[in-house]
Structure formats: C-alpha cells, structure tokens
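Understanding the architecture of this molecule
Okay, here's what each chain looks like letter by letter:
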Amino acid sequence: MTIGTVDVAGTDTGVVPVHMRRPLWRDPVFVGAGTVLLIHVFLALLAPLIIPYPPDQMSFSATLQPPSLEHWFGTDRYGRDLLSRVIMGGQLTLAFGFGSVAMCLLIGLPAGLISAYYGGLVDQVIMRTMDILMSFPTLLLGLLILIIAGPDLGNLIIAVGIVYCPRTTRVVRAAALTVRHSAFIEAAQARGESSAYIIVRELLPCAWGAIIVEICIRLGYAILLGASFNYLGLGVQPPAADWGLLVHEARSQMLRAPWTAIFPILFITTLVSSLHLLGDTIDERLKEGDVG
Amino acid sequence: MAEPLLQVENLSVAYPPYDAERTVLRQVSLAVESGEALGIIGESGSGKSTVALAILDYLATGGRYLDGRIRFAGKELTAMTRRQKRSLYGREIAYVAQDPSASLNPSLKIGTQLTEGMALHLGMDAESARKKAVALLDEVRLRDPVRLLDRYPHQLSGGMQQRVCIAMALACDPSLVILDEPTTGLDAVTETAILDLLKDLKLKRRLSIILISHNLAAVAGLADAIAIMYGGMVVESGPAAPIFARPAHRYSRLLLDALPSLRAPSRALSEIPWQEASIPRTGCPFRDRCDMAIAACADEFSSAVVNESWLTRCVRWKDVLAAGPRHECASDAHDEHAFSAQIRPAGAGTTTAMPVLSVSSLVHGYGRKRLGRPEAEVRAVDDVSFELAEGETLGVIGESGSGKSTLARCVVGLVQPTAGSIRLAGKELTGFSRYPREVCRQIQIVFQNIAGSLHPRKTMSRVLARPYQLYEHRTPALDELQRLIASVGLKAHLLPKRASALSGGEKQRSALARAYAPRPSVLILDEAFSALDASMKIRVARLIRDRKQELGTSIIFITHDLPFVKYVADRLIVMYRGWVCETGRAADILSPPYHPYTETLVWAALRLEGERPATLPETAERDSTPAGAAVKGCPFASQCPRKLGTICETQSPPVRRGAEGRQIACHIPMDDLREMQLAEYPPIAIAKGARA
C-alpha cells in the first residue's frame, strides 16, 4: 500500500538528496545554454570557412538590403553582407571576452588566494586597493585607461581586465575564505607544508567551482563592456568590426534598416545570456555540493 | 490494555528510486504508551532520525511511505490531510532538534519564539502567552525567566538554549515530545541536568517522550521502553530494564557491551567488527558483522516474542539470551589482565628517562596591546605544565572552553604561546615562528572536526601519500599505502575515493593513518573521536592502543568523555578555564580525593550511568564568563559545590601534592577532600574485578 508522496518542498531542509538530482548534463537549462555557447564558439572558430561573402566587400548597388535569400541578415549602408560581418565579429568579440577574463584571473586569482590565506594586513592592503578600483564607475575607469593607452584590441582587453579584476578577486577570496579555517588547512600547517603548497594545492582546488562560475559570468560582463567601448569607437578599429561596433555602425539608420542593429544585438544577447545561465546552473549545483 | 498513545506499525520509508537500496526504514514497529518514555538507540545511519521525521511527516524531499501506518491517539496520521496534520504538530506532538543553536532563530528574542506557537495553536493573546512563557521557562529551571524573554539566543549557553527549546516544545502542552539527540554536544554536567529535567517533566506532566540517541547511558536513565535500530530496522524492542541487563539480539548485546563505563571494570570491551561495504537489505541487516550468524539469518525473519512486549529479530535469540546477564560474564579475568598490562606499562608516569615532550608554565593569552595600552588579557591556557614519557598516553580532560584545544595548538605550533616552554626531546620549540619540518614530522595531530579533517576533493591515495612526499621526498608505492590504510582497519578500495565520499568514521581513521604515517613520537588526538558513536569509539581506542604498542608513540588524548579516557589514558590532567586543577595517574584521579571540579565531572558521568550518587549542591547554570576572566582566586570558585568561603574568591588555591605525582589545586587539603568524597563515591575500579 502506498500512502502517498510526502511533499515538503519549501521546508528549511532544502537539501535534495544526492541521488535525486538530475545529472548536470541532463539539466535542460544547462544543455540549452551550453549548446548556444558552443554554436557561438564554433561560428567564431570556423568563421573564415563559412561566411558567404568577404566581410569587407562593399557593393554600392545593394546598400541597406533587408534580409533575403542572398543576404540572410541583409546588408549595411556600404552593401556589406551583414551575416558575414556578424560571424567575423564573433571572433573579435569572443577573443576580447576571453582575453579580458584571462586578464581578470591573472590579477584576481593570486590576489584573492593570497588575501584569503594570509589575512590581516596583507588582506587589508590588497582588498582596499581593489575597493579603490571598484569605486570608479566601470565605464569611466575603462575610458580613462583606453584614452591613456590608445584604442586598440590589446588595450581594450587590458582595460576590461583591470576594470573587472576587483570583482574576480572578491569572488576568489570569498571562495577560499570558506575553507581557510577548515581543519584540513590547519592540519597542513601542522604538517609543516609551505604556504605556497597550501595556497595552490589546498585552497585553490576548493575555489575552482566558484572560479568556473566567475569565468562564465565575467565573460558575459566583459563582452558587454567591450561592446560598449567598441560602440564608443574606443576598441577595435574599422573596417574590422565586433558586434558592439556593428551596432555603432547601425546607429544612423537603425529606424530605416532595423536589421543592421537587430542581428548583432541578437548575437550579443544570446551569447551573454547563455554564459550567465551556464554560470547560474553551475553555481546552484555548487551550493548543493555536487560539482567538483 | 488501552491503545498506546503513538503506534507505528510496519512502517517502511524509501527515497527515490524506491528500490531496496533506498529503503531507509524497513517494517518499523514502535509503540509509545501514554506517560512513558521510549528510547531509540542506534549507530549513525541506522534510521533513528528518519523514524522521528516520518512521525512528524517531515521526510526530506522525495521520501515516501511505502507501507505501514502511524496511529496517534486513536487517529490515523497517515490518512490525515495536511491541514489536519498542521493542527497536530506543535500542539499534540512537539519536536526538539539536535542542535539548539541551529533550531533557535538568532534574530528573534526568546520571548517571541516561545509565544509564536501559543498564538498559532491556542489563540492566546500576547499578554497571557507571555505569562505562560515565563511559567514554562521556570518549569525548565531557567533562572530569571522574565529577563530571559528579552534575550537573544546567542546570549545563552548551549545548555540554556536546549532548555529554551524544550520549553518551546512544551508551549502548547503536547502529549508527545520527540527529542533527537538532545544532549549531544553538551558537556556531561549539562547533559545530566537536561536528562534530569526530562525525567521530571515526564512524571509531572505525564508526558510521553521519544528520546533518540546514540548515547546509551543517556537513554538508560530515562527510558521505560527501548528500541534498538540497525540498518533501518528495529532489531529489538521492549521494556528497558531487562533489555539493558540481558539483550536478546546479538547486535544489542555487542552494542551494550561496547559501552565504556566509569564504574565497571575496565575489561576489554567487546568489539563489533567494522562495518564493511553495504548493509544487507533482506534478512537480518546485521548478519555480515555478526559473529553468531548462520545461514538462516539471510532469510526473512519477522520477529520472535521473548515475553509480552519484548520483541527481537534475532534468529538465534535464545542463544544470545543464554550468554547470561551482561556484567557478570563479559569480563574474563585473563583478558582483563592482559589488557591492563598492555595499557599501563610498568612504571608509566614515573619513568626516569628524559620525557619525549615537556611543557612547562605554558601561557597563551588573547588580547593585544593597543596604542601601548595593554588590554585585559584573556588566558585560554594559563600556566600549564606536564611531561609526556615515551609510549605514555596523557589524557586531557575538560569541558568546551577549558583551553584544551588551544593547548594542543600551542604544542603543534599552530599558535604561539605567550610564555612558557615546550621541549621536544629536550629541544626548545617556543622560539620558532614555524616549526622546522622535522619537528612537524615528530608531532602529529588529528583534529575533532570530522567534516573538515581531510581535503574534500583529494583522493585518499593523495591524502595518505602526502606525508611520505613531504618528509621523505618520495612517492610511496601502492602496496605501502594499502598497508597503511589497512593498519587502521580500512579497505584498500577506499584509496581511489575522495574524502567527501567517506563516512565520518572512515574519515577519522584515515586522518589517523595519515598522522601515523611519518612515525611521529608524539600524537595529539584533539577530541578526534568525540563525534563517533560508542561502538566506533571503542574500536578506534583499541586501534590506537595496538598501534601504540607497535610504534611506541606517546599520545596526548584530549576529550571530555570521562569513561572513555579511563579506558585509554595512563595519566590525566584536568583543565578548567585554561587552568590545570588536577594531575595524576588515571587510576588516582578517578577515585577520591577529587578536585571539586573533577568531582562534578565524575558525578555527572555516574549519573549518566544511572547511579545516583549523593546530589551535588545545585550550582548556578554555567554562565558565559570568558575563560580566565577570574583574575583573583580559584577560577572554579563560582561553580564549586565545596566552596569554603571568600578565601576561594580572593586567593589562588595552593597546589597540593600527593603520591605518584598527584597534584590538586584546591584550598581544601587532600585528606579532607578524600574524607568528604569517599562517603559519597565508592572508589571507581580501575583494577580488575571490583564492580560495586
């Protein structure tokens, strides 16, 4: 005799038994977002092979054409095929996205771990420096760096990296702090392990989950911020164009030829949302102690 | 006979995917008579908490009743709607969870939390609810209840919090209270007080109680009936007294025999084999570990009736019963003699050779100078001295906050002492800001925290290989690791597993193996096994003893568990708020004269074992004065049952010395103490045979 299912959803236990959880790769949100991200990555990697027209090829007889069979995404005001430009733009967008995040980690990972491990004065110096950086409005700080360093792709990566590294530092530090006072860290100290060993071999593995989430979320933000700078003309220089710059170019005829703006925006949106959704699902799993 | 207040019949509970492996309760039948207490005993993972949650309809997500029914006061619980049940829980059936600090809302005042239930269930207005709250706090023997209502939980001690939880449970005058491990994590004195309170409530209110615990002693004092659980099954149930005296299930027998007792002779406590692999889901769940198992044990066996309400699920219950009452047969003289010889090598404690470790006048204080003005210093460790001979086991006893963990951290070099000296084989260690690696190798420590003692993401091979890499700069061969893990009674198949996949006992034993790996000369066990259940503790104690014989390691054994430390230690030091109030051989300390603080510990331990030594004068509920705050006088003065007068508060007590390195820091001379205490506590037998 079955008496009935007990429903205690919303109780404060909130922990779903391990065996009840769907594996991550069967979570529809994770799979959906992952697929979208993979499509973006493949499009960017294979861009030169799949674009139907050279992205810079102008045709003044076919300017501002709406989407058609010949030009799926239509053409811009110089008659360039928008589909080709958007796909090629993906390369740039992803490149500076990953570049900026690498920059964030380069600064944030050691800073966060050291800050968490040593605490005290070291922590204060590192974190207060980061606070100062973080107190500038993101766009303003980025603008400042780009104006001093000059607009090009490399400087854009550095600028976005510096703007966002305090946040990465905080995330890494917070993740490391949760285990900093665990018995196994104390045991390692009592064993006579060097600080470097404890930071790299004991603290870092516990922070990996949070770092993966941080990479996903930060990629999204970095791409948005990078696109903003490109939109302002402070990053990639024409005729090459990332999605931000494409939107910028579409600005003057946005009402007449909306497709010139819609398609790059659509690409930015799908990429950024897929990254955030991925980050969120991994994050949820981490809270349940599943990943890692 | 009238129908019991609560009756659970043939209850089976499973989690998805609802197969045999996920069936956490199998045909559990229990009954609680009105006004009686039922004790549910079992190891961790035996399903005892699930029974409580099933009665409360509070199973974790996905939990499902496969079969059976629960009747409460003549009503079928399992057939009720949620609305009907809501009016029942909290009002008729109340629940007290294990960790009082986690079950009280830290941001609400005690008064608010107490009156919530009354407003909901009884529709009381604020004024009368408040009055009732005061009466309840008074009933659970909390002082100054009116002021307490406006306190927040963090302002109360653990024992007081648990009393508040009990008061909350009583708020709507329930007929049944379920307590899940209500005293785990409290020190022995507080634990005794809580159990006494429950006993009183049971009588006065004719309250029915379900007490869930792995602490057999706690259950023995309170329960009228008991149910012993193993592997999701009730293996034996019935009236408490006969079962405690002479159980009829082999598992119950082994479990009860594994109970270390202060009073019983320290015979070689019986040992239940380590739990291996998985528990069988058909037939007797215990058969894989049972020394009396026969082929028929694998068959489904409903239960045998020993007499009236006494049921056992043991096929061979007659043979088990035939073994006779527990205390008389278990200690065979030969074994005990061997045991005593093993554990107390001749002359331990009086060795003339240089001690392995010597600590003298060690002080560790918190509070630092600010702007040149010294702040009031709080001393976690205050002038502690001891010596540790080779192969000796030193027990350090004290309740939480007595500074015993800080002492351990000083010795392993995790914190720097403020003053004093620590010498390892004559070499001064206090000068180092970080110990050299060789010193680290020689002093190994196992911490209390089971969950955090091993890196959760490393495999056992990596964890266990690390000492070899660190101290010997080599990667050990697989068979070396296999030998190491086997030495703590674990199977080699655990090596590729991650620490997070291990059970608590497996983790602590792995931590022990890692600590043994570099062959340390001093091993510190800081409450390392306090969280394990009784049978597991005994097995670990035996393991430590065997390894000690093999390696000659000296051990500092830090614990608050008096009966347990009696079983392993050669010498003891008793700490109270950072201060050593008594030192001496284990045998001496556990019989009069006691330091009055030791006396309260012994008193509590004996009470837990069901004896009723003369009642100790009621002392104040332990307040939360920080350790070492008493600058003048005896730190124990405010709690002392044998306080002489103002001298205790104004002058620090002299250290009185007796034979065999015995020291007591008290204003009362040793002989007077002995005289006072001998009348009340017959000496505790450490040597064989002298069971009172």
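Keep in mind the model is a prediction, meaning the values are calculated, not measured. (Residues numbered from 1 in each chain as written. Chains lettered and ligands numbered in written order. Predicted model: local features only at pLDDT ≥ 70, side-chain atom pairs only at ≥ 80, totals over all residues. Heavy atoms only, no water.)

**Observations concerning the overall build of chain B**
Counted only if it meets this: The helix count covers DSSP runs of H or I at least four residues long, the strand count covers runs of E at least two residues long, and both are numbered beginning at the N terminus. Buried means the residue's accessible area, taken with a 1.4 Å probe over protein chains only, is under 20% of the maximum for its type, while exposed means over 50%, and partly exposed covers the values in between. Note on contacts: a residue pair is in contact if any heavy atoms of the two residues lie within 4.5 Å. Note on areas: these come from Shrake-Rupley sampling with a 1.4 Å probe, and a residue is covered only by the protein chains present in the view.
Helices and strands together make up the secondary structure of chain B, namely 25 helices and 26 strands. Among the 692 residues that make up chain B, the fraction classed as buried is 55%. For chain B, the proportion of contacts with a sequence separation of at least 24, taken over those separated by at least 6, is 68%. As displayed, chain B has an accessible area near 28,100 Å², and 51% of this comes from carbon and sulfur atoms.

**Some words on the overall build of chain A**
For clarity, the cut-off: Residues scored as charged are limited to Lys and Arg (positive) and Asp and Glu (negative), so that His and the chain ends carry no count. Here the site of a charge means atom NZ of a Lys, CZ of an Arg, CG of an Asp or CD of a Glu.
The helix and strand inventory of chain A stands at 9 helices and 1 strand. Along chain A, helices (α) and strands (β) appear in the sequence β-α-α-α-α-α-α-α-α-α when read from the amino end. Projected onto the principal axes, the alpha-carbon positions of chain A cover approximately 75 × 70 × 30 Å. Within chain A, the proportion of its 292 residues that are buried is 50%. Roughly 13,600 Å² of accessible area belongs to chain A as shown, and the carbon and sulfur atoms make up 69% of that amount. The positive charge centre, built from 18 side chains, and the negative charge centre, built from 21, are 3 Å apart in chain A.

**Focus on helix α17 (residues 460-472) of chain B**
Convention followed: For a helix, the expected span equals 1.5 Å multiplied by the number of residues minus one. Bending is quantified residue by residue as the angle between axes fitted to the seven-residue window ending at that residue and the seven-residue window starting at it.
For α17(B), spanning 13 residues, the distance from its first C-alpha to its last is 19 Å, which sits close to the expected 18 Å at 1.5 Å a residue. The largest bend in α17(B) comes to about 30°, at B:R466, with the proline B:P467 one to four residues further on. Residues of α17(B) that are buried include every one of B:M460, B:V463, B:L464, B:A465, B:R466, B:P467, B:Y468, B:L470 and B:Y471, and no others. Along its buried surface, α17(B) packs onto α6 (183-191) and α7 (195-231) of chain A together with α16 (437-442), β20 (443-446), α18 (478-487) and α19 (504-516) of chain B. Of the residues one or two after α17(B), B:H473 is the one with positive phi, at around 55°.

**Observations concerning unusual backbone geometry**
Residues and elements named next belong to chain B. Positive phi, normally seen in glycine, also occurs at N10, with a value near 50°. Among the secondary structure elements, N10 is positioned in strand β1 (residues 6-14). Using a relative accessible area of 39% as the deciding quantity, one classes N10 as partly exposed.

**Regarding the confidence of the model for chain B**
Residue and element names in this part refer to chain B. Note the cut-off: A residue's pLDDT is the predictor's confidence in that residue, given on a scale from 0 to 100.
For chain B, the average pLDDT comes to 80, and 86% of its residues sit at 70 or higher. Under a pLDDT of 50 for its full length, residues 328-351 has, in the predicted model, 35 contacts with residues more than four places off or in other chains. Here residues 686-692 is modelled with pLDDT under 50, and outside its nearest four sequence neighbours on either side it reaches 14 contacts, counting other chains as well. Across the interface, the model reports ipTM at 0.71; the global pTM reads 0.75.

**Some points on the domain arrangement of chain B**
Residue and element names in this part refer to chain B. Just so we agree on the cut-off: Residue ranges for the domains trace back to a domain assignment, done automatically or taken from a database. Reported buried area values correspond to the accessible surface (1.4 Å probe) lost by two parts on association, with both partners' losses combined. Whenever a carboxyl oxygen of Asp or Glu lies within 4 Å of a side-chain nitrogen of Lys or Arg, that contact is scored as a salt bridge. A 3.5 Å cut-off defines polar contacts: any pair of N or O atoms within that distance qualifies, except that in protein one atom must be a possible hydrogen donor and the other a possible acceptor, and neighbouring residues in sequence count only when both atoms are side-chain atoms. Residue classes follow a fixed rule: Ala, Val, Leu, Ile, Met, Phe, Trp, Tyr, Cys and Pro count as nonpolar, while Asp, Glu, Lys and Arg count as charged, and any other residue, Gly among them, counts as polar.
Here chain B is described as being made up of domain 1 (1-92 + 174-245), domain 2 (101-173), domain 3 (246-343), domain 4 (355-548) and domain 5 (572-687). On the side of domain 4, 5 residues touch domain 1, which itself brings 4 residues to the contact. Summed over both sides, the interface between domain 1 and domain 4 buries roughly 390 Å², with carbon and sulfur atoms accounting for 45% of that surface. The largest share of the area that domain 1 buries against domain 4 comes from E43, D187 and H214, three residues that together contribute 82% of it. On inspection of domain 1 and its partner domain 4, the count reaches 0 salt bridges. If you look at where domain 1 meets domain 4, you find 0 residue pairs in polar contact (both at pLDDT 80 or more). Grouping the constituent residues of the side of domain 1 that touches domain 4 by class yields no nonpolar, 2 polar and 2 charged.

**Thoughts on the pattern of salt bridges**
In this structure the tally under the stated criterion is 42 salt bridges over all chains. The salt bridge partner of A:E214 is A:R218, with a shortest N-O separation of 2.8 Å. Pair noted here: A:E214 and A:R218 are both in helix α7, with a separation of 4 residues, about one helical turn. The same class applies to A:E214 as to A:R218, namely buried. When the shortest N-O distance is used, the salt bridge between B:D526 and B:R409 registers 3.6 Å. Pair noted here: B:D526 is in strand β21 (residues 522-526) and B:R409 is in helix α15 (residues 404-412), with a separation of 117 residues, a long-range link.

**As for the sheet that holds strand β11 (residues 304-307) of chain B**
Residue and element names in this part refer to chain B. As a reminder of what qualifies: Two strands qualify as a pair provided DSSP detects at least 2 bridges between them. Helix axes use the C-alpha atoms of the stretch in contact, all axes being lines fitted to C-alpha atoms, and the angles between their N-to-C directions lie in the range 0 to 180 degrees.
Across the sheet, which stays open at both edges, the 8 strands sit in the order β6-β7-β8-β3-β9-β10-β12-β11 with mixed pairing between neighbours. Bordering the open sheet on either side are β6 (93-96) and β11, each of which pairs with just one other strand. Across this sheet, the average inter-strand angle for adjacent strands is 20°, counted without regard to direction. In this sheet, strand β8 (residues 208-213) lies alongside strand β3 (residues 37-42) in parallel orientation, the contact comprising 5 bridges. Following the sheet pairing, G39 is matched in β8 by L211. Across the sheet, helix α11 (residues 250-257) is in contact with β3, β9 (225-230) and β10 (233-239); its angle to β9 comes to roughly 100°.

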